[in-house]
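Structural overview
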Amino acid sequence: MKTVLIAGGNVIDGTGSAPQAKTDVLLKGDRIVAVGKNLVIDAADRANAETIDASGLTVMPGLIDAHVHVTLGEPRTNDELFMHRDAATSAMLAAFNVRKVLKAGVTSMLDVDGIFNIGPALRDSINAGIVDGPTMRSGSYALMTAVGGTAGKLIPDSGTAGYAEVVHNRDEMVRVVRRQIKDGADIIKIHVTGVVPARSGEIQVWTRDELKTVCDTAHDLGVPVTAHCRGDQATLDAVLAGVDIIWHASFLGDRALEAIIEKKTAVGPVFTFLANLAEYGAKVGATAIVQSTFAGELEHTGARLRQAYDAGVPLLCGSESGFSITPYGNWHAREMEVFVQHMGLTPLQAISCATYTNAHALQQFGQVGIIASGAQADILVLDGHPEKDVAVL
């Protein structure tokens, strides 16, 4: 078992605490065994030891990306994703792309949903050492009703297509949730809102009772449930039904915000996707009106979620990597910058969201995303001071 001493760095531990100057971190195998000043490698370990001089450098936890779509392959359109993908090519492409995520400083990630149920197999391949990638937790297909999700009429009336699996009634919801867990899903994801042609924005397409059926079934098997929610009522119903993580939480009203705060339900706003569309949308054909809409959603939701954060609600950082506007390996750290710019968090608070707090998404709180004795040795050593300017990440 190899021993590594990272010596004399500026240690950011991930909890939001002030950096510890000229501090050592001692690793043995895949664990941190000590953090402190002037640490010494035991004589018995010196023959198989390495010392890294981190003087003047920052030492911090590896980033956790709580919202990735590693199997989608950066499609430009839903048509491309739903109609022009095959399982074998998609699996090979995912194995190639997941390395980009690791090289961007992401040492753990949640693949929230995907195509052909590739995610659990990719996770197992990483664990077996066949593929290089971050520690990974994975969902399967996103659950949808026949009304659909964010791909409009490309969502079928039954079965699977793209990242979607359609369920019709409570018996089918129970059956599909159980089957997805049997097939390796670490989480269940529900598309609570979706797009219907000729209707503006996303509408709620699940009832609270239906959501509770999914939550109860998954929770009975020890598996958390996450939900894509754009809209106040959708978010409220998801929280009251027992959803563990809310994605987006767009256009929150008072009732949903109060429910989130009362239950301390974790929220991953996935602002990076909105910020990229607002800033770069013209490059992918978005109109000025669309860009303005996304910018407005960012400001409104950011202000509401700052209230939730101040009340103790866990805020998660996710990049939505996997689409053409959020390619792999490029934007995994931007959510922190958006949290600073649009919610007024300090850089250290934003870093904590992307490390220590994000461990909630992996069900590994206290084990990853922190520089502390006993934690997993997922560590970044970098030139720069992210506690002053998080954009260096």
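Anything mentioned here points back to the structure above.
This text gives an overview of the structure that appears in the document. Since we're looking at a predicted model, the values are computed, not measured.

Examining the pattern of salt bridges
Overall, the coordinates contain 19 salt bridges when judged by the stated rule. Linking Arg123 and Asp186 is a salt bridge whose minimum nitrogen-to-oxygen distance equals 2.8 Å. Taken together, the residues span a long stretch of sequence, with Arg123 in helix α3 (residues 118-127) and Asp186 in the loop between α4 (170-182) and β12 (188-191) at a distance of 63 residues. Salt-bridge contacts for Arg334 lead to Glu279; the nearest nitrogen and oxygen are separated by 2.7 Å. Linking Arg334 in helix α10 (residues 334-343) with Glu279 in helix α8 (residues 271-280), this pair joins segments that are 55 residues apart in sequence.

Re the layout of surface pockets
Put simply, the largest pocket is a space of about 1,100 Å³. Contributing elements (two or more residues each) for the lining of the largest pocket: α1 (78-83), β12, β15 (225-230), α8 and α9 (288-310). Counting residues per element, the lining of the largest pocket draws most heavily on α9, at five residues. Partitioned by chemical class, the residues of the lining of the largest pocket number 14 nonpolar, 13 polar and eight charged.

Section: the sheet that holds strand β6 (residues 63-68)
In spatial order, the strands read β6-β7-β8; together these three strands make up an open sheet with parallel pairing. Looking along the sheet, the strands with just one partner apiece sit at the ends: β6 and β8 (135-138). Averaged over all pairs of adjacent strands, the angle between strand axes in this sheet comes to 15 degrees, irrespective of strand direction.

A short note on the nonpolar core
Leu122, Tyr163, Ile188, Trp206, Val214, Met336 and Phe339 are the most contacted members of the largest nonpolar core, which totals 90 residues. Formed by 14 residues, the second largest nonpolar core is a distinct cluster that contains Ile64, Val112, Ala266 and Ala359.

Description of the packing of helix α6 (residues 232-241) against helix α7 (residues 254-263)
One can describe the packing of α6 onto α7 by two numbers: an axis separation of 8 Å at closest approach and a directional angle of 25 degrees. Put simply, α6 runs roughly parallel to α7. By crossing handedness, the relation of α6 to α7 is classed as left-handed. Residue-level contacts link Asp232, Gln233, Thr235, Leu236, Val239 and Leu240 of α6 to Asp254, Arg255, Ala256, Ala259, Ile260 and Lys263 of α7. Partitioned by chemical class, the residues of the contact of α6 with α7 number six nonpolar, two polar and four charged.

Cut-offs used in this document
- Residues numbered from 1 in each chain as written.
- Predicted model: local features only at pLDDT ≥ 70, side-chain atom pairs only at ≥ 80, totals over all residues.
- Heavy atoms only, no water.
- Salt bridge = Lys/Arg side-chain N within 4 Å of Asp/Glu carboxyl O.
- Helix = DSSP H or I, 4+ residues; strand = E, 2+ residues; numbered from the N terminus.
- 1 Å grid on protein atoms, 1.4 Å probe; cavity = no way out; pocket = protein on both sides within 12 Å on 5 of 7 lines; lining within 4 Å.
- Points joined across faces, edges and corners; volume = space filled by probe spheres on them.
- Nonpolar A, V, L, I, M, F, W, Y, C, P; charged D, E, K, R; others polar.
- Pairing = 2+ DSSP bridges.
- Axes fitted to C-alpha atoms, helices over the stretch in contact; angles between N-to-C directions.
- Core = buried A, V, L, I, M, F, W, Y, C linked by side-chain atoms within 4.5 Å.
- Buried < 20%, exposed > 50% of the residue type's maximum accessible area, 1.4 Å probe, protein only.
- Parallel < 35°, antiparallel > 145°, perpendicular 65-115°, else oblique.
- Left-handed = near helix turned anticlockwise from the far one by under 90°.
- Contact = heavy atoms within 4.5 Å.

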